[in-house]
Protein chains: 2
Amino acid sequence: MKKFSDTESNILEDIILHRRDVRGNRFLDKKIPKKALDKILFAAINAPSVGFSQPWQFVIIEDTKRKELIKATFRTETAKACKTFSPKRQEMYQQLKLEGIHEAPTNIAVFYKPSDHPVLGQNSMKEAGTYSVVCAIQNMWLMSRALNIGLGWVSIIDPEKVKSILNAPAENQLVAYLCLGFVDTFYDKPELERKQWEKRKNIDELIFKESY
Amino acid sequence: MKKFSDTESNILEDIILHRRDVRGNRFLDKKIPKKALDKILFAAINAPSVGFSQPWQFVIIEDTKRKELIKATFRTETAKACKTFSPKRQEMYQQLKLEGIHEAPTNIAVFYKPSDHPVLGQNSMKEAGTYSVVCAIQNMWLMSRALNIGLGWVSIIDPEKVKSILNAPAENQLVAYLCLGFVDTFYDKPELERKQWEKRKNIDELIFKESY
């Protein structure tokens with residue numbers, strides 16, 4: 001059986017630590033080569049999935065007019081979200097660049113496609129289906145970073161509107177809307193940590209032994 | 001900025017391709033060194049999270065009596081799940097080993113802890129919180145494999161019963177119950193693919209251009 005070395009597990013750690021959520025202020029106007037995009041999608045479809053159901057589907061969007069329709073739902077949702085914060089935070093929120101729909105040459109909408117038959121392991125926890133899709137997305141995120149390509153996950157959108165824009169089947173569920181492209185730089189820390197929007201949690205407060 | 005090489009992205013691909021969902025028939029009775037467990041948890045807390053909310057908590061379970069309580073909910077849920085399959089599949093289902101709660105020296109219950117204040121990016125898609133936790137789990141899965149440690153995700157359990165066994169706060173949501181340990185071997189392919197429970201999907205049927 002394949003045995004990985006300390007060097008190899010350290011490389012994985014390095015990729016994990018250098019991965020960033022990239023927004024439109026960092027993307028370059030440079031097409032992603034087909035070979036790189038194929039490698040990112042290959043990482044996705046080799047993620048774990050409940051009952052080997054592979055319930056993922058990917059819509060690749062590069063057309064400017066279609067991006068504009070997606071961007072419109074971002075604008076509506078971000079205006080709504082802004083109001084949930086305190087006045088001071090609202091000011092900061094409005095200064096943040098929170099998506100890269102137009103700036104990223106390639107957008108990928110990732111869907112959960114429910115199975116047409118019972119899935120092994122999905123009876124007691126139905127959400128295991130969408131969770132499988134998220135595992136695929138995290139594989140894409142890490143592979144993108146390893147290929148020096150930035151990826152940003154946009155969650156400030158109306159999933160039903162995106163479904164309609166992409167003519168998605170009614171049973172499909174939008175899990176993520178991703179923006180991918182080369183970048184001028186990857187930040188050394190998450191942007192919301194750098195800007196002190198949230199503090200990094202201490203690992204000791206997150207781990208419990210045997211029970212809470 | 002850190003630039004990764006082709007060698008490094010190929011190592012990541014290799015780890016992704018060799019990752020397996022490991023069950024009790026493969027785990028060895030050998031404790032995971034603290035250093036390895038720390039590295040796996042460090043990979044987890046360096047996952048992306050919506051609005052840098054880091055909404056993950058981890059309960060590490062090694063006590064046999066507590067494992068027995070968890071195993072009891074697996075038994076109940078697997079009996080229920082079995083009935084959802086055709087008679088032929090029921091026979092095969094009963095022959096599959098679907099968890100490794102007792103055999104794995106270390107179990108980890110992974111929870112989503114909702115924030116007590118509005119989270120940036122979580123207004124339009126509430127599920128972005130649990131999705132962040134799944135990103136952490138996929139990091140753990142890959143890091144485990146890179147350390148030659150097997151990980152199995154048990155989803156055939158009643159999450160509310162597990163919460164009660166672990167005395168989890170009411171607002172917490174169980175995302176995953178994981179079994180970790182060294183293994184005698186990692187299969188070359190997913191077990192459900194080897195046993196022809198499900199077929200591998202062709203990538204071409206999963207990718208759409210611009211829209212469905």
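Above this text sits the structure in question.
The paragraphs below set out a description of the structure included in this document.

Thresholds applied
Residues numbered from 1 in each chain as written. Chains lettered and ligands numbered in written order. Predicted model: local features only at pLDDT ≥ 70, side-chain atom pairs only at ≥ 80, totals over all residues. Least-squares fit on C-alpha atoms with pLDDT ≥ 70 in both. Axes fitted to C-alpha atoms, helices over the stretch in contact; angles between N-to-C directions. Helix = DSSP H or I, 4+ residues; strand = E, 2+ residues; numbered from the N terminus. Left-handed = near helix turned anticlockwise from the far one by under 90°. Contact = placed C-beta atoms within 7 Å. Nonpolar A, V, L, I, M, F, W, Y, C, P; charged D, E, K, R; others polar. Buried ≥ 20, exposed ≤ 12 C-beta atoms within 10 Å, placed from the backbone. Pairing = 2+ DSSP bridges.

Attention now moves to the relation of the copies chain B and chain A. With an RMSD of 0.0 Å, chain B superimposes on chain A once it is rotated by 180 degrees and translated 0.0 Å along the axis. Taken together, the rotation and translation describe the operation of a two-fold axis.

Moving on to the packing of helix H2 (residues 34–45) of chain A against helix H5 (residues 128–146) of chain A. Residues and elements named next belong to chain A. Between H2 and H5, the least distance of the axes is 7 Å, while the angle of their chain directions is 145 degrees. Between H2 and H5 lies a crossing of right-handed hand. For the pair H2 and H5, the contacting residues are Lys39, Ile40, Ala43, Ala44 and Ile45 in the first and Ala136, Asn139, Met140, Met143 and Ser144 in the second. Residue classes in the contact of H2 with H5 are distributed as seven nonpolar, two polar and one charged.

Time to look at unusual backbone geometry. Phi is positive for A:Phe52, close to 50 degrees, though the residue is something other than glycine. For A:Phe52, the location among the structural elements is in the loop between H2 and strand S1 (56–61). Backbone geometry at B:Gln196 places phi at a positive 55 degrees, although glycine is not the residue there. As for its position among the elements, B:Gln196 is in the loop between helix H7 (191–194) and strand S5 (207–209). Among the residues examined, B:Gln196 registers 8 C-beta atoms within 10 Å and is labelled exposed.

The strand order across the open sheet built from five strands is S3(A)-S4(A)-S2(A)-S1(A)-S5(B), with neighbouring strands paired in mixed fashion. The two strands at the open ends of the sheet, each matched to only one other strand, are strand S3 (150–154) of chain A together with S5 of chain B. When the angles between neighbouring strand axes are averaged without regard to direction, this sheet yields 25 degrees. Across three bridges, S1(A) lies against S5(B) in parallel orientation.

Within the open sheet, the five strands sit side by side as S5(A)-S1(B)-S2(B)-S4(B)-S3(B). Their pairing is mixed. Each end of this open sheet is capped by a strand with a single partner; those strands are strand S5 (207–209) of chain A together with strand S3 (150–154) of chain B. Going across the sheet, the axis of each strand differs from the next one's by a mean of 25 degrees, ignoring polarity. The pairing of strand S1 (residues 56–61) of chain B with strand S2 (residues 106–112) of chain B spans six bridges and is antiparallel. Following the sheet pairing, B:Gln57 is matched in S2(B) by B:Phe111. Seen against the sheet, helix H2 (residues 34–45) of chain B touches S5 of chain A together with S1 and S2 of chain B and runs at an angle of roughly 160 degrees to S1(B). Relative to strand S4 (residues 173–181) of chain B, helix H5 (residues 128–146) of chain B is tilted by about 5 degrees, and along the sheet it contacts S1, S2, S3 and S4 of chain B.

For the rest of this paragraph, the subject is the interface of chain B and chain A. Counting residues at the interface gives 85 residues for chain B, matched by 84 residues for chain A. Secondary structure elements with two or more residues in the side of chain B that touches chain A: helix H1 (6–18), H2, S1, helix H3 (64–82), H5, H7 and S5 of chain B. The element contributing the most residues to the side of chain B that touches chain A is H5(B), with ten residues. Of the residues contributing to the side of chain B that touches chain A, the split by class is 49 nonpolar, 19 polar and 17 charged.

Next up on the list: the pairing of S4(B). Residue and element names in this part refer to chain B. Extensive coverage of S4 is indicated by the burial of eight of its nine residues. Bridge analysis of S2 against S4 gives seven bridges, and the strand direction is antiparallel. Counterpart to alanine 109 in the pairing with S4 is tyrosine 177. Pairing geometry for S3 and S4, over five bridges, is antiparallel. When the sheet's bridge partners are listed, glycine 150 is paired in S4 with glycine 181.

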